[in-house]
Amino acid sequence: MADADHIRLAEALVFASGVPVSDRALTQALPDGADVAAVMAALCAQYAGRGVSLVEAGGGWQFRTAEDLAPRLKRVVKVPRRLPRAAMETLAIVAYHQPVTRAEVEEIRGAALSQATLDALLDANMIIPRGRKETPGRPTLWATTPEFLSHFGLPDLRDLPRREDLLVEPPARGEEEAEGT
Amino acid sequence: MADADHIRLAEALVFASGVPVSDRALTQALPDGADVAAVMAALCAQYAGRGVSLVEAGGGWQFRTAEDLAPRLKRVVKVPRRLPRAAMETLAIVAYHQPVTRAEVEEIRGAALSQATLDALLDANMIIPRGRKETPGRPTLWATTPEFLSHFGLPDLRDLPRREDLLVEPPARGEEEAEGT
Amino acid sequence: MAEAAAHPVAANDTPLAEGLLLHLDGFDGPLDLLLELARGQKVDLARISILALVDQYLVVIEGARRVRLELAADWLVMAAWLAWLKSRLLLPKGLEPADEAEIAAEVLAARLRDLQAIRAAAVWLGARPQLGIEVFARGAPEAFAETETAGITAELGGLMRAYMAALRRGTRHRSYKPARISLWGVKDALARLAVLVGVLPDWADLARFLPESMTGPLERRAAVASTLIASLEMAKSGLLRLRQEDAFGPILLRRQDFGVDGRTEESDG
């Protein structure tokens, strides 16, 4: 059973932070011997069904507004624009094939990567250079950032769906296009 | 009795807001006829005794870490300084064009380089003078330090991302090189 | 069906030129169009008919060229490659060129499946609640520690953004000089090929017939496209032979073995 005091402390720590709080940071903050996993599970349960929920994303824990409130919050809060389709596809390629060069991204999409797309992904802090490929010209390798995971609410890169699962049910093209525009 | 759904929405709103949320703003955001006072009283009660509490301050409602926990959190969260934008730009230019004079940095950035920016980079141990350029006035040449590399996780300057991978259409290269001499 | 209406290209009749043009502009390149056409076949992507796909693509490109003569090079390169693929696929099975084409067709199908998977992944990602768009983090985070003055926080992504911002600002101050673009046309390519093919005794890579002075990727792609079209033109009139070992591999050309002198009248002048 998780200690009520530990739960309060973890709650305060994660609530106060603007970015996800790692298990390591929690272990440091809680008294020695505290069971971080049990504490976080208990805290998760306490927030179930509330207007704010505790999620694991991007290498740590973070409180976020509940998903179902999105339409009503959007009316009040000003939200930035979503990434356009080309940027989302490029991001998906980087996520699945990282580390990957620009030429490889272009090869898979069969289209050149535009400056606008590259800028949008860099500005949104979704991708980051991660070394060079040891081939002629030593092209830059790209990878996703921790913010990418955090932005899409993914605990880890392993939580991306498997390729086979993606190909099972092709999404309706109509919807997709409506979203892309 | 306050509606549970209204409480959730109010909770999410106060949580997501960067500034205290006034009763007026809450009235506007909640459905018509919602009893804001009752909603906020219920929400306050929900947070009583938790690691976070709902307080009325600064003309509105906001969440605050429970006062008794603040001292225990202090040791953990560290907020390192961010380099200002001008400093980051200057550092990037020095990294790519080193050794480089101050005038050359200004030329590339298209903006004057203040002494404060130079000092900030020197203080952070990111750049270092590396000789003088043999032109009239013998201006100081600047280069990056080994700390710069380790700070950005680069094994070597050769591992900086390729310029051509950052810019799909490089800005008029010939011109720039001619000016760089 | 909305799908059928949106893609008149699948019909037998000449497609409506205007709708088609709008359509082509909406695609992110030839592979994107091919995938859309393949999905129009409404079967598992593993079982699409490559021959039907080739026909549909060529119809679209032909239609587009009728309305707009200058079509981006990559559309034409793909068209030429698909035309080659089709000619080989129609050969009786068991012949070496036919087997080559089978492999090339499989490679193409695999690329389409890869793109399809990525597109599905992008849709999956886009459907997730995104931070700052659908769900929101604490608006007013509380920082507890005294600022650590010794350390700085900076990561490579920020450094790159800063560099690009600096370069952009820097170049804005310079006066704008439009870059001169001189593209290598089909006529140029025909003339050059006619001269060079006669000199070469054996198979040679198409890339060797490109003009030497090409400054950028655009010029290069244009030159590849026009040289390819020129070589197809010359192959049609029996002046040379074309060969490609594997899909997206180098295109090889050689003078027709017998009888015909590779030189044309223009090249003598």
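Since this is a predicted model, take the numbers as computed values, not measurements. (Residues numbered from 1 in each chain as written. Chains lettered and ligands numbered in written order. Predicted model: local features only at pLDDT ≥ 70, side-chain atom pairs only at ≥ 80, totals over all residues. Heavy atoms only, no water.)

## A few points about helix 8 (residues 186-199) of chain C
Residue and element names in this part refer to chain C.
- Taking 1.5 Å per residue as the helical rise, helix 8 with its 14 residues ought to reach 20 Å, and the 20 Å between its terminal C-alpha atoms agrees with that figure.
- The largest bend in helix 8 comes to about 25°, at Leu 193.
- Ala 189, Leu 193, Ala 194, Val 197 and Gly 198 are the residues of helix 8 that are buried. (Helix = DSSP H or I, 4+ residues; strand = E, 2+ residues; numbered from the N terminus. Expected span 1.5 Å × (residues − 1). Bend = angle between axes of the 7 residues up to and from the residue. Buried < 20%, exposed > 50% of the residue type's maximum accessible area, 1.4 Å probe, protein only.)

## What about the interface of chain A and chain C?
- Taken together, the contact between chain A and chain C spans 55 residues of the former and 43 residues of the latter.
- Both sides of the chain A and chain C interface together cover about 4,500 Å² of buried area, and 60% of this is carbon and sulfur.
- Put simply, Arg 82 of chain A and Glu 134 of chain C hold a salt bridge, and the shortest N to O gap is 2.6 Å.
- There are 17 residue pairs in polar contact (both at pLDDT 80 or more) connecting chain A and chain C.
- Per-element accounting of the side of chain A that touches chain C gives the leading share, eight residues, to helix 5 (residues 85-97) of chain A. (Contact = heavy atoms within 4.5 Å. Buried area = accessible area lost by both parts, 1.4 Å probe. Salt bridge = Lys/Arg side-chain N within 4 Å of Asp/Glu carboxyl O. Polar contact = N/O pair within 3.5 Å; in protein donor to acceptor, adjacent residues only side chain to side chain.)

## Observations concerning the interface of chain B and chain A
- Taken residue by residue, the interface counts 35 residues in chain B and 40 residues in chain A.
- Of the roughly 3,400 Å² buried between chain B and chain A, counting both surfaces, carbon and sulfur atoms make up 55%.
- Summed over the three residues of chain B that lose the most area to chain A, namely Arg 8, Phe 15 and Arg 50 of chain B, the buried surface amounts to 19% of that side.
- Applying the counting rule to chain B against chain A returns six salt bridges.
- On inspection of chain B and its partner chain A, the count reaches 22 residue pairs in polar contact (both at pLDDT 80 or more).
- Here the side of chain B that touches chain A is composed, by residue class, of 19 nonpolar, four polar and twelve charged. (Nonpolar A, V, L, I, M, F, W, Y, C, P; charged D, E, K, R; others polar.)

## Remarks on the confidence of the model for chain A
- For chain A, the average pLDDT comes to 87, and 92% of its residues sit at 70 or higher.
- Between residues 171-181 of chain A, whose pLDDT stays under 50, and residues either more than four places distant or in other chains, the model counts 13 contacts. (pLDDT = per-residue confidence, 0-100.)

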